[in-house]
Structures are given as structure tokens and as C-alpha cells.
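Spelled out, the chains give:
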Amino acid sequence: MTASTARGGSLRGLPASGRVALAVVLLLWIVAACSPLLSERAGAIRLGERLAPPSAAHPFGTDDLGRDLFARVVCATPISLAIGLVAAAVSLGVGFAVGATAGWIGGGVDLALSRLIEVVLCFPVLFLLLALAAFLPPSPMTLILAIGLTAWPGDARYARAEVMRIKQLDYARAARAAGASTPRILTRHLLPNALPPLIVSAAFGIGWAILAEAALSFLGVGLPAPAISWGGILSAAPPYIEEAWWIALFPGLALFLTVSAYNLLAEGLRTATTEKGRHA
Amino acid sequence: MIRYVLRRLLLAVPTLFGIIVIVFLLVHLAPGSPVSGGGEALRRPTGRAAEELRRLYGLDRPLPERFGAWFSRAARFDLGESFVDRRPVGERIREALPNTLFLNGLALALALSIAIPLGVVAGGRPEGAFDRLSGAALFALYSTPTFWAALLLQSIFAVQLRWLPLYGVASDPAPAGLAGLVDRLAHAALPATCLAYGTLAFVARLVRSGVAETREADFVLAARARGASRRRALWTHAFPNAVLPLLTLFGLLLPALLSGSVIVERIFAWPGLGRLYFDSILSRDYPVILGLSLLSAVATLAATLASDIAAAAADPRVRDGASP
């Protein structure tokens, strides 16, 4: 009950920019769903038309093998969106488990888990990402795990702070005084109230995960060849930077649009969930 | 104060231990073993290198013993030899370090010198025209992938306008004297911009929200009531107090800059730590990978400690309060 009213309230409270962002995100998912229609075009190699500039026939131009860039950018949508979503979910799951445990139990457990969070934050994210993505066998699962397992400390810090705050609020203490069991307090009182800030953190996490996947694919340790991703298309751009700017422009634009939409949605959700528009 | 410093130092010990453990796990558990490898390996140590690796990391010995050996080597910063050219890892890192420090120092100076005034002015009038405009611009920067920005900047400033060189550290042959300095700065301009804008957006947003909150504090209103100008109230009263809590975050800029260096140094062919790390990943040069991971994590830990202690020295509430 509490959760549903909170959720209804946050959607209605979504500012205009957040609604636009939500519409863009939905549109991107529709594009992703329709992308198989273009998969044949995306793979067709026509060496006679290599590095052709944007035209009516090829709105985004063609790449070094004469493949239509528009079709390739569209066909890369599902991979980027799906990996971003699932990796952010992994990160949120691990982060919530670690953070909530630390915040709920406190004491020595909190001290130990907080050290663990600190340790992971000490490494440059891309160092860990590259090592995991390059050393494990290349697959979507590897990418998701690599991104999820490097991104969780942020989510864990949110979850820890939120659980510690709620734990000592009157309603949680009242529930405990009334004899509610720990699992009941956790699921009925803590989780629904800790959820809104975590959803915000997760929405930012999706944007971050999409960027991470693109960076890995750009560096050549993402998904192997037949799979198309925006980062992968961009990795073909540097050798042709002097003659074919369109290879660099359009896939990056798609990436920028997607990440902006998710980040804007996250901002909107943050405004909506911190009810009285408390600006942080 | 001494109690606080001691407590922070004591808490850093398990973190340091954790860093050494993670680096150990990175090489021993992820790929099965570094000599057998897993997945599609681009190059895997064989023959002499494999033997060397087995001996160095004691892969034939039980796990606790291996960890003990790694721990004692890590504690002495004995990083071993590179598989690629058989030179000490420390030497290769020392060679690349100045290039990365130069580029990151330039990027940090650029980012802070724009981010701080921007944040203070925007936070001085929250929801004002300037705040909205700069907010949107920072938001766009925040969502821009570094490698895309690098490609666009190259395309515009190096290819179309021909104002700046496409990549590299300096012209060959490098001009002498003042012209040499100008040449180096021209080569560093694009990569430093790419490294700077993420930090710029991050810091400007933090300064802006800090100032927006502090500007209504009693001591700022009191300064205004005493006749201080708006500018003076913002810069000498609101800003220092707004920026104090942010001091503790500065340690975390280091790993972010190093992450950015991997991408930027690759695109601009800049022979620094980021490129060294990426090349080592591709060639499975484990001693270099381990050495760089260890050094960067320890440097971050030290920077975090230093910024925490600086924050505590500047603000008694931090050292007396319950916060970390």
C-alpha cells in the first residue's frame, strides 16, 4: 500500500523534463524492438560504396566496408539498452545487499563492509572493467558481470545511508516495539521506504552502465564481431577520422541521446521522490 | 585532531590489505590461471615467460602460500619484470608517469578554474537564468562519452580547422625553447580538454549545490547585513563553507582521472600510464597490470586519507562528529 501510493505520487510529480526523458526512453525501446527489420541491411557489405557520406540512400553514410550506418546504429540499440538495464540491476542487487546489511546490523559488520566498499572505490573503474572484460571469455554475461561488479559500491553507499536513516525513524522503532520480527520490518517498512532513492540511483546506474559497455566495445574488449554496439561502430572511426567524420558522429549521437535520456529521467525521479522539491 | 588522524590511519590498514587481496584475486582467480588463461586470449605467456610467471607468482604452490609470497613482494613494492621487454615494472611506470602527470595536472587545473567560478555564480542565484543554462550544459557534458568527445574534437580542431595536431606528445623534431613549450601545449590541448570536462561537470555541480545551500545560512545573511557586497558574501563567506564538505571527495578524483586516461591516451597516442595499462591488458603483461593496479589504488587511498585529514583540520565538526 505504502509503496503503490509512493510510486503513483512520484510519477505524477515527474517534472516536464522527466516526462520527455521517459518518452525518449520508451521510444528507444520501441526502436530496439523493431530493429530486427533492418538487420539484413546492417550486415550487407558493399565495397563499391565504402565510406560514402550521408545521402538519401544512406542517411548516416556508410562505414569502411560500405555497410549502411543508419541500419547499424539502429541495430545496436537492443544490445546497449539490454546490457545497460541488466548490469544496473546486478549492481543494484549487490549494492543493496551489501549496503543494507551494513546499515542494518551496524557495528563490526558495518565497519568491515564499509572497508570493502572503500577498497573497490580505490581502483580506477576502467582498470577493473578492462581486466574483467579482457580476462573472462567474451559474452554478454561477462560484460554484465564486469559492469555490475564494478559499479555496485555507489549503490551500496546509498542503501547503507538510507537503511541507517530509516532504522531509527519512529515508525520503524514503533514496529519493533510492537513486536514485529526483523524480516517483517525489513520487507514491510524498510524496503518500501528505501526504494525511491534506490530507484533514482538505479536510473543513473543504467546511464553509467550503457557508457561503460560502449567504452569497453570501443576499446575492443566488448562483444565480439557479429554483435553490433555503438561503441563497436565507433571503434572503426579513428583510422578514418580525416575522411569520414560521419562514422564518429552518428553512433556517438545515439549513445549521447540514450545516456542523456536515462540521466534526465533519473533527475526527474529524484525531484519527484524528494517530495517538496528539496533541491540537493 | 590527533585522535582523528590516528583513527583514519588505523582504518586505512584493512583497506590497504583489501587492495592487496583484490589485486591478487584479479590475476589468480579471474582467468583460471594467468598461464593457462581463459577465453579468447590475444597473447598468452608461453615457454620461458610462463615458467617465469609460475616462479614469480608461485602458481604451483597452495593458495595461502601464494598469497603470502605476493603479500611480501607487494609490501616491498617489488613489482617484478615486464613480460614484453623484460625491464623492471617500476622503470616502465616511472617512464610513463611524467606524461600522465603533465596531462592530468593540466586537465585538473583547467577543470577547477572553470568549475569553481561557474558553481559559485550559478549557486548564488539558484533557478536563475545563468543557473538553468549552465545546469543544462553541465548535464550534457555529464552524459557525453569521453571517446566520442575526443573523436569530435579531433575531427573539428585537427582535421577541419587544422588548428591543433591530431595526436602525439610533441612534433618531430620538437622545436627548442619557447616554441617547444607552445608545441607541447598545443599537443596537450585536446586530450587535456577531454580529460577535464567530466571532472568539470562533477565539481561544478557539487560547488553549485553547496553554495546554493550555504548562501541562506545565518552567517552569510549576517555578512550581508553588515554591509558586505553580494559578491563578497558569496566568495568569502558562502563558498569556503560550502566547499569544506567537498574536500573529502577530492581523493576520488584520482581514480576517475586515471580511468579517463586509459581512453584519452589511447586515442591521442599519449605514452602515459593509461596507455601502458591498456597495452599490458592486450599483451597479458601481468606484472605491469598488477603493478599499475596496486600503485593507483594505493595512491588513491593516500589521496583520500590526505583529503579527509585536510577536511578535519579545516572543520572541527568533521573530527568530532560521527561521520566517517
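Residues numbered from 1 in each chain as written. Chains lettered and ligands numbered in written order. Predicted model: local features only at pLDDT ≥ 70, side-chain atom pairs only at ≥ 80, totals over all residues.

Considering the overall build of chain B
Scanning chain B from terminus to terminus reveals 13 helices and 0 strands. Buried positions account for 39% of the 324 residues belonging to chain B. (Helix = DSSP H or I, 4+ residues; strand = E, 2+ residues; numbered from the N terminus. Buried ≥ 20, exposed ≤ 12 C-beta atoms within 10 Å, placed from the backbone.)

Observations regarding the overall build of chain A
The secondary structure content of chain A amounts to 12 helices and 0 strands. Sequence-ordered secondary structure for chain A, helices as α and strands as β, is α-α-α-α-α-α-α-α-α-α-α-α. Viewed in the frame of its principal axes, chain A has a C-alpha envelope of about 75 × 40 × 30 Å. Taking all 280 residues of chain A together, the buried fraction comes to 49%. Partitioning the intrachain contacts of chain A with sequence separation of at least 6 by distance along the chain shows that 71% fall at a separation of at least 24. (Contact = placed C-beta atoms within 7 Å.)

Quick notes on helix α3 (residues 63–75) of chain B
Look at α3 of chain B: 18 Å from first C-alpha to last across 13 residues, which is about the 18 Å you get at 1.5 Å a residue. Phi turns positive, to about 55 degrees, at phenylalanine 77 of chain B, one or two residues after α3 of chain B. (Expected span 1.5 Å × (residues − 1).)

Notes on the packing of helix α5 (residues 77–105) of chain A against helix α10 (residues 182–218) of chain A
Any two packed helices are characterised by the angle at which their axes cross and by the distance between the axes. Residue and element names in this part refer to chain A. It is the contact of α5 with α10, at a shortest axis distance of 7 Å, that shows an interaxial angle of 130 degrees. Relative to α10, α5 is oriented oblique. The crossing of α5 and α10 is right-handed. For the pair α5 and α10, the contacting residues are Ser80, Ile83, Gly84, Leu85, Ala87, Ala88, Ser91, Leu92 and Phe96 in the first and Leu198, Ala202, Gly205, Ile206, Ala209, Ile210, Glu213 and Ala214 in the second. Of the residues contributing to the contact of α5 with α10, the split by class is 12 nonpolar, 4 polar and 1 charged. (Axes fitted to C-alpha atoms, helices over the stretch in contact; angles between N-to-C directions. Parallel < 35°, antiparallel > 145°, perpendicular 65-115°, else oblique. Left-handed = near helix turned anticlockwise from the far one by under 90°. Nonpolar A, V, L, I, M, F, W, Y, C, P; charged D, E, K, R; others polar.)

Quick notes on the interface of chain A and chain B
Each partner contributes to the interface: chain A provides 40 residues, whereas chain B provides 42 residues. Of all the secondary-structure elements, those providing two or more residues to the side of chain A that touches chain B are α6 (107–122), α7 (125–135), α10 and α12 (245–273) of chain A.

Section: the packing of helix α10 (residues 253–267) of chain B against helix α12 (residues 286–314) of chain B
Residue and element names in this part refer to chain B. The N-to-C vectors of α10 and α12 enclose an angle of 145 degrees; their axes lie 8 Å apart at closest approach. Contact residues: Leu254, Pro255 and Leu258 in α10; Ser296, Ala299, Thr300 and Ala303 in α12. Along the lines of polarity and charge, the residues of the contact of α10 with α12 split into 5 nonpolar, 2 polar and no charged.

Observations concerning the nonpolar core
Counting residues in hydrophobic clusters, the biggest one holds 160 residues, and the most contacted among them are Leu129, Leu130, Ala131, Ala209 and Ala215 of chain A. Ranked by the residues each element gives to this core, the list is headed by α10 of chain A, at 18 residues. (Core = buried A, V, L, I, M, F, W, Y, C linked by C-beta atoms within 7 Å.)

A few points about helix α9 (residues 230–243) of chain B
Residues and elements named next belong to chain B. A rise of 1.5 Å per residue sets the reference length of α9, with its 14 residues, at 20 Å; its end C-alpha atoms lie 18 Å apart and thus fit the reference within 8%. Maximum bend of α9: about 25 degrees, positioned at histidine 237, with proline proline 240 one to four residues after it. Listed as buried for α9 are Ala233, Leu234, His237, Ala238, Phe239, Ala242 and Val243. Those residues of α9 hidden inside the fold are in contact with α4 (89–124), α7 (177–214) and α8 (218–225). (Bend = angle between axes of the 7 residues up to and from the residue.)

Some words on unusual backbone geometry
Residue and element names in this part refer to chain B. The backbone of glutamate 127 shows a phi angle near 70 degrees, a positive value even though the residue is not glycine. Position of glutamate 127 relative to the elements: it lies in the loop between α4 and α5 (129–142). In the Ramachandran plot, arginine 162 falls in the positive-phi region, its phi being about 60 degrees despite a non-glycine side chain. Within the secondary structure layout, arginine 162 lies in the loop between α6 (146–160) and α7.

Brief notes about the confidence of the model for chain A
All names here are of chain A. Averaged over every residue, the pLDDT of chain A is 83; the share at 70 or more is 94%. Summarising per-element confidence for chain A, the mean pLDDT is lowest in helix α1 (residues 2–12) (47) and highest in α5 (91). In the model, residues 1–10 has pLDDT below 50 throughout and makes 9 contacts with residues more than four positions away in sequence or in other chains. (pLDDT = per-residue confidence, 0-100.)

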